[in-house]
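# Summary of structural features
Listed here are the chains, written in short residue letters.
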Amino acid sequence: MRILGIDPGLRRTGFGVVQASGSRLTYITSGTIVVPTELTLAERLGQILDNIRHIVQQTRPDTAAIEKVFVNVNPTTTLLLGQARGAALCGLADTGLPVTEYTALQIKKAVVGNGHASKEQVQHMVQRLLALDAQPTSDSADALACAICHAHTRPLADRVRASGKLNGNGNNSLRGGRVIR
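Residue positions are given per chain, counting from 1 as you read along its sequence in written order. With pLDDT at 70 or above as the cut-off, local features in this predicted model cover only qualifying residues; side-chain atom pairs require 80 or more to be listed or tallied, and sums for whole chains, interfaces and linings still use all residues. Hydrogens and water are ignored here; the side-chain numbers use all heavy atoms of the structure.

### Quick look at the confidence of the model for the chain
- The score called pLDDT rates the predictor's confidence residue by residue, from a low of 0 to a high of 100. Taken as a whole, the chain shows an average pLDDT of 88; of its residues, 86% reach a score of 70 or greater.
- Numbering of helices and strands runs from the N terminus, with a helix taken as a DSSP run of H or I at least four residues long and a strand as a DSSP run of E at least two residues long. Here strand β6 (residues 178-180) stands out as the element of the chain with the lowest mean pLDDT, 47, in contrast to strand β1 (residues 2-7), whose mean of 98 is the highest.
- Contacts are residue-level and defined by heavy atoms, with any inter-residue pair within 4.5 Å sufficient. Here residues 168-176 is modelled with pLDDT under 50, and outside its nearest four sequence neighbours on either side it reaches 21 contacts, counting other chains as well.

### So, the pairing of strand β3 (residues 24-34)
- Bridge count for strand β2 (residues 12-21) against β3 is 10 bridges, and the pairing is antiparallel. Along β3, the bridge assignment pairs F15 with G31.
- The rule for pairing is simple: two strands pair if DSSP sees at least two bridges between them. Where β2 folds back on β3, the antiparallel hairpin that results is connected by 2 residues, among which G22 adopts a positive phi of roughly 65°.

### Section: the nonpolar core
- What we call a nonpolar core is a set of buried Ala, Val, Leu, Ile, Met, Phe, Trp, Tyr and Cys residues that are connected through their side-chain atoms within 4.5 Å. Working definition: with a 1.4 Å probe on protein chains only, accessible area under 20% of the residue-type maximum means buried, over 50% means exposed, and in between means partly exposed. In terms of nonpolar packing, the biggest core is built from 21 residues, with L4, I6, I48, I52 and L92 touching the most fellow members.
- Within the residue set of this core, elements represented by two or more residues are β1, β2, α1 (41-59), β4 (63-67) and α2 (75-95).
- In this structure, L92 is in contact with L4, I6, I52, V56, A64, L97 and V99, ignoring residues within four places of it in sequence.
- In terms of nonpolar packing, the next biggest core, distinct from the first, is built from 20 residues, I107, V111, L132 and A151 among them.

### Structural notes on the side chain of D139
- Summarising the element assignment, D139 is placed in helix α5 (residues 138-163).
- The exposure class of D139 is buried, given its relative accessible area of 14%.
- Here D139 is in contact with D7, R12, G14 and T32, once residues within four sequence places are set aside.

### Looking at the environment of E101
- With respect to the helices and strands, the residue E101 is situated in strand β5 (residues 99-102).
- Sequence separation between E101 and C146 is 45 residues, and the spatial gap between their C-alpha atoms is 8.9 Å.

### A short note on the packing of α1 against α2
- Look at α1 against α2: their axes get within 8 Å of each other, and the N-to-C directions meet at 35°. Like other packed secondary-structure pairs, α1 and α2 cross with a definite hand, here right-handed. For the pair α1 and α2, contact is made by L41, L45, I48, L49, I52, R53 and V56 and by L80, Q83, A84, A87, A88, C90, G91, L92, D94 and T95, respectively.
- Here the nonpolar group is Ala, Val, Leu, Ile, Met, Phe, Trp, Tyr, Cys and Pro; Asp, Glu, Lys and Arg are the charged ones; every other residue, Gly included, is treated as polar. Looking at the contact of α1 with α2, its residues break down into 12 nonpolar, 3 polar and 2 charged. Here, axes are lines fitted to C-alpha atoms. For helices the fit covers the stretch in contact, and angles between N-to-C directions go from 0 to 180 degrees. Less than a right angle of anticlockwise turn of the near helix away from the far helix marks a crossing as left-handed, whereas a clockwise turn marks it as right-handed.

### So, the layout of surface pockets
- Two kinds of site are reported from a 1 Å grid over the protein atoms alone, namely cavities, where a 1.4 Å probe fits but cannot get out, and pockets, open sets with protein on both sides within 12 Å along at least five of seven lines, and residues are called lining when an atom falls within 4 Å of a point. Grid points are joined across faces, edges and corners, and a volume is the space filled by probe spheres set on the points. Considering only enclosed or pocket space, the largest pocket measures out at about 630 Å³ in volume.
- As for the largest pocket, its lining consists of 24 residues, and the residues nearest its centre are D7, P8, G9, F70 and L81.
- If you list the elements that add at least two residues to the lining of the largest pocket, you get α2, α3 (104-111), α4 (119-129) and α5.
- If one sorts the elements of the lining of the largest pocket by residue count, α5 sits on top with 4 residues.
- Looking at the lining of the largest pocket, its residues break down into 10 nonpolar, 4 polar and 10 charged.

Written out as structure tokens, the structure reads:
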């Protein structure tokens, strides 16, 4: 299964693609969509949307995973981040990919083993797990970590879904990893 991970941001949106074959992960590509700050908000969101579509077209993933927005102290920052995330989600939805959401805590726990890991710890573990020659940038590492989290979580979610057991909130997803169709 080829998985596209997205770490949304209004200025910098990280993306990373991994191939999962059983428990083996192979790095495909990663990078950062850098949006010029002098553009209007609508233009910036449009660039995120278009770039996500292009990345999906170029990398042909089977599924996508995206980081959920956390509530920030500054409501304006939270709103802007939510809008960037919405543009990324629209780009993914437009391509027909199934999308699963994970919190930063879930992603860090799956990759580092500690939900409160630092950015440097995430970068280091992503480098090790994917056998990369160099440490990825922070945005790329966060996106790759999201894809890795999905690769580790998906088999269990599939088994739960196949068993027909619900988790108490009316759907077959695991805590926090909600499948959007």
